[in-house]
Amino acid sequence: MAQNISVPDIGDFKDVEVIEVLVKPGDKVNKNDPIVTIESDKSSIEIPSPSSGEIKDLKVKIGDKVSEGSVLATIENGQVASAPKEEPKKESKERKPVIEKSKTNGNLTPVKQVKKIFSEPASKDDIDPIETNEWIESLNSVIDNDGASRASYLLNKVIDQAYKSGLVLPDTRTTPYINTIPPEAEVKSPGDQNIEKKIRAYIRWNAAAMVVKANKKSSELGGHIGTFASAATLYDVGMNHFWRAKNNKFGGDLIYFQGHSAPGMYARAFLEGRLSVKQLDGFRQEVNKGGLSSYPHPWLMPNFWQFPTVSMGLGAIMGIYQARFLKYLINRGLVRDEGRKIWVFLGDGEMDEPESLGAIGLAAREKLDNLIFVINCNLQRLDGPVRGNGKIIQELEGSFRGTGWNVIKVIWGSYWDQLLAKDKTGLLVKRMNECVDGEYQAFKAKGGSYVREKFFGKYPELKELISSMTDKDIWRLNRGGHDPHKVYAAYHAAMQHKGSPTVILAKTIKGYGMGKSGESINTTHQQKKLDEKDLLYYRDRFDVPLTDKQVKNIEYYKPKEDSEEIKYLKDKRLKLGGFIPERTSFARQIKAPPKDIFEAFMKSTGKKEMSTTMALVRMLTALLRDKNVSPRLVPIIPDEARTFGMEGFFQKIGIYAHEGQKYEPVDSEQLSSYREDKSGQVLEEGINESGAMSSWIAAGTSYTNHDLEMIPIYIFYSMFGFQRVGDLAWAAGDSQARGFLIGATAGRTTLAGEGLQHQDGHSHLLSSNIPNCVSYDPTFAYEMAVILRDGIKRMHEKKENIFYYITAMNENYSHPEKPKGCEDGIIKGMYLLRENNNKGKTKIQLLGSGTILREVMSAAEILSEEYGVDSDIWSVTSFNELRKDGMKTERWNLLNPNEKRRKSYVEECLEKRDGPIIAASDYTRSFSDQIRPYTRKAFYSLGTDGYGRSDTRKNLRKFFEVDKEHIVAYTLSALAKEQLIATTEAEKAIKKFKIDKNKEFPTNL
Ligand SMILES: Cc1ncc(C[n+]2csc(CCOP(=O)(O)OP(=O)(O)O)c2C)c(N)n1
Ligand SMILES: [Mg+2]
């Protein structure tokens, strides 16, 4: 007797279209054979036959709309005919992924519950296809009976045995070019697909409209449409279902948005009512208040953006260290483990940056299962394909799997599921595997018939497989990253995964929906103009309810507040705790330590010599005694603790190690023994300045990301600081990171033996370019102490959004007592250290900074004793700070021609002092030259321009002409030039100190 085959429970869907009828009357079908395919949103579902039998009647045709219970066909001889309610239950019971503990490794999750192993078609290498099939069948039977973990265990055992027997092992870096999660293991989205589809369409439209509008105003303004167009689904599924905002109950997930997808985030915030039309209209017009920044810049939009990501690669490394820092805070007991996640969105082209992949090993090693990378693999970057001749997804899979990440590939959308299931030859996967990205890009640019010929056409069996599909059907075969169901399932799996970080490799189409104007073509990236025709196409493609006139006016679309879309969108965010992105801080200040904490450094060290690095380390030790400051200090070192004399910290506060210490250290008896600890405080980063800097940024922004003010102190070779990680330092400024960067072993001549690559003569100039970086080059311990305490006070007590760069040297010398009342001058950048007035004759103003100040002091003695020249000696702690003050003052004077002229601090210091100025430092002349315009006096600078080289300190200072002898000779010459002494005096000195007038300028040597 014929029985009905009906549509089973398909969730929230109603009136979904039949897009394929896969059987005809008279066909014999087996249980689970597909009968029809129905389409909802951009996902398709195949309806399987609930039993075996012969199809009698077809009740539907392509184009019909069906809902749960609709009869599709009748079947005869079926043991069980249609049982829409019960049968799926049985199905779901059968298909329920077996969640077992892995017997081989901890990496298996339900998503790995494969139901099918694709066997390749019999090839000439297969000498016994029947035996091959038996192996595959037995594996399938293990999967069915004991689950995937057991199957995986057995496979691993077989592989181990093969290895022992000396067999060549298969290359298992990559898996077939299909989705990691098979359809039957996908967790279904609970969302209302129809509403979500609409919301997504409006966001897409508004994002594009915003860019096009800005460009109508001026082509200078720029913007990107294609990137967000390719990533809209990836963001929307996260926003609707996964990303939990910060509120008073939860710390919030942290999302690093792909920089140039920013228009999409603004477009959503507009629907959420967080941004106005006026603000959208102000995209990339920020000079007047209220505009929107081109990319995520917390500096420019401090209540909105959290992470600057647009410099390719930095998001990846900063995200990894962010996840690590969160674990650090948890393991140190400073924040609760709430299961917060760090999501990092990246472009596939961006993955070529060394910073993108450079730290993935750390993420795996540290088992950062709070970290999820989503790589938007639209196969294109700016100029063209990312890997025209290869497959970026496979390449990245190999890299990430190789380091131990959980990899989830989301390559194909639901439309492909039934094709893959129908393909019994395995040829479809074979074809998917063999096509390169250059071809995949063309498939999406050239249409259905092209795909039929070029993709399916290669094998007759595949052509046959799609013979009943129209070109339009073929064109509709979607990519995983555009299928909200596939994306949901992947995100869900990533959220559940334990023990390692997850990367989701989502295949998308660049410029998705842009049609001829920019879909999947090489110029997509820079497409920022859409003409009327393009805009109308875009509207139609996504069904945006705007009239032609509204489209021509490039109006934004926002449904009414009480519309189901807006209600839905807001409700989803409400359930997830609030809006994202949003930048806030509820951190409490850290009370600066009492003034006397550094008392010991205010006194003379007498005969005892030490370097400023040593002094600094002692200060840190003192800070570790302050109960407010101590727990918040985050010392960060890239494998140079011993160089800086910080090995004592190992025992004292421990080195952070998420697994504690599994060995007895070789030096366990020593006080400085290498102690690793789960709650260790020191971040010992290894030889990894970019990683250390990323850790520093994470700690320096903890006040906003974790509402916990921390004091990171990152100590590095000054030459491997700004020069090496300059872009991260820039991002730190943008992020408003607070903390200390210590450029140790600083100076061109102070670090004597190390040579050209180590000797830094310009880091202060690099730091001076970062607007919110305050930098100092102190000479004496008391200066360092005053600066350090002031820094803690300004940044961590008063919460100023600045960070400090302080240089510390490794030259040992004795330190004098702090002169009275110089604190203010130390902080402003210069103070009078000493006056030599004994002869009461010609006078010179001598300015010195860092280690060269001591050469200046010696020179002053010689000048006084041997040449009768008096001097004032100024310790310049910061030429950079002096310049800032000078610039501001000069600007004010120019703006106020009628007002009484103001004096810069430099001018105030020097105006009543006689004689020309000689300024010397261990940095290039441009460092001290910065204050030249504000001194209003004859000014001569001495510095270390040129490449460093190894030699003794004395020889180096002679070479760069910053030793006391050169300072004396040049001073006398300057006085002669100013006609304050006879030229013969200068000539005599030059001769006396054997200064070679014919020596080349050091920059040429
Ligand atoms: C360090 C750096 N170099 C170059 C750029 C300029 N740039 C911006 S986007 C882009 C292409 C990005 O391609 P991809 O990462 O694949 O992202 P998609 O737009 O395709 O999603 C380039 C080169 C940049 N922003 N940062
Ligand atoms: Mg790309």
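See the structure shown above.
The residue numbering used here restarts from 1 in each chain and proceeds along that chain's sequence as written. Throughout, the order in which chains and ligands are written sets their labels, letters from A for the former and numbers from 1 for the latter. With pLDDT at 70 or above as the cut-off, local features in this predicted model cover only qualifying residues; side-chain atom pairs require 80 or more to be listed or tallied, and sums for whole chains, interfaces and linings still use all residues. Derived side-chain values reflect all non-hydrogen atoms in the structure, with water molecules and hydrogen atoms excluded from consideration.

Q: Is there a simple way to think about the packing of helix 24 (residues 689-700) against helix 26 (residues 722-735) in this case?
A: As a rule, the C-alpha atoms of each element are fitted with a line to give its axis, helices using only the stretch in contact, and angles between N-to-C directions run from 0 to 180 degrees. The way it works is that DSSP assigns letters per residue, a run of H or I at least four long becomes a helix, a run of E at least two long becomes a strand, and they are numbered from the N terminus. Viewed as axis vectors pointing N to C, helix 24 and helix 26 meet at an angle of 10°, and their least axial separation amounts to 10 Å. Classed by the angle they form, the pair helix 24 and helix 26 counts as roughly parallel. Residues Glu689, Ser690, Met693, Ser694, Trp696 and Ile697 of helix 24 form the contact with helix 26, whose participating residues are Arg724, Val725, Leu728, Ala729, Ala732 and Ser735. Side-chain classes follow a simple rule in which Ala, Val, Leu, Ile, Met, Phe, Trp, Tyr, Cys and Pro form the nonpolar group, Asp, Glu, Lys and Arg form the charged group, and the remainder, Gly included, forms the polar group. Taken together, the residues that form the contact of helix 24 with helix 26 break down as seven nonpolar, three polar and two charged. The scheme is simple: roughly parallel for angles under 35 degrees, roughly antiparallel for over 145, roughly perpendicular for 65 to 115, oblique for anything else. Contacts are residue-level and defined by heavy atoms, with any inter-residue pair within 4.5 Å sufficient.

Q: Any chance you could explain the pairing of strand 12 (residues 406-410) here in plain terms?
A: Successive side chains on a regular strand alternate, one facing one side of the sheet and the next facing the other. Extensive coverage of strand 12 is indicated by the burial of five of its five residues. Neither face of strand 12 is open: one carries Asn406, Ile408 and Val410, the other Val407 and Lys409, and all of them are buried. Of the strand pairs in this sheet, strand 12 and strand 13 (residues 502-507) are connected by five bridges, and their pairing is parallel. Each residue of the ladder has a partner; that of Lys409, found in strand 13, is Leu505. Only protein chains enter the accessibility calculation, which uses a 1.4 Å probe. A residue is then buried if its area is under 20% of the maximum for its type, exposed if over 50%, and partly exposed in between. Two strands are said to pair when DSSP picks up at least two bridges between them.

Q: Explain the site of ligand 1 to me, please; I cannot follow it from the model alone.
A: Taken together, 18 residues are adjacent to ligand 1, and Thr227, His260, Asp348, Gly349 and Lys510 come closest. The backbone of Glu350 places a nitrogen or oxygen atom 2.8 Å from an oxygen atom of ligand 1. The Shrake-Rupley method, run with a 1.4 Å probe sphere, supplies the accessible areas, and residue values consider only the shown protein chains as cover. When ligand 1 sits alone it has 580 Å² of accessible area, and the protein chains cover 74% of it. Counted by class, the shell around ligand 1 contains three nonpolar, ten polar and five charged residues. One heavy atom within 4 Å of a molecule or strand is enough for the residue carrying it to be called near that molecule or strand. Distance and chemistry together define a polar contact, namely a pair of N or O atoms within 3.5 Å, with one atom able to donate a hydrogen and the other to accept it when in protein, and with adjacent residues in sequence counting only for side-chain atoms on both sides.

Q: Looking at this model, I keep getting lost on unusual backbone geometry. Mind explaining?
A: Excluding glycine, most residues fall at negative phi; most peptide bonds, likewise, are trans. The peptide bond linking Ile580 to Pro581 adopts the cis configuration, its omega dihedral lying at -5°. Within the secondary structure, Pro581 is located in the loop between helix 21 (564-575) and strand 14 (609-610). Positive phi is not limited to glycine here, since Asp543 has a value of about 60°. Its place among the elements puts Asp543 in the loop between helix 19 (532-542) and helix 20 (548-552). Although it is not a glycine, Lys799 adopts a positive phi angle of roughly 60°. Summarising the element assignment, Lys799 is placed in the loop between helix 28 (781-797) and strand 22 (803-807).

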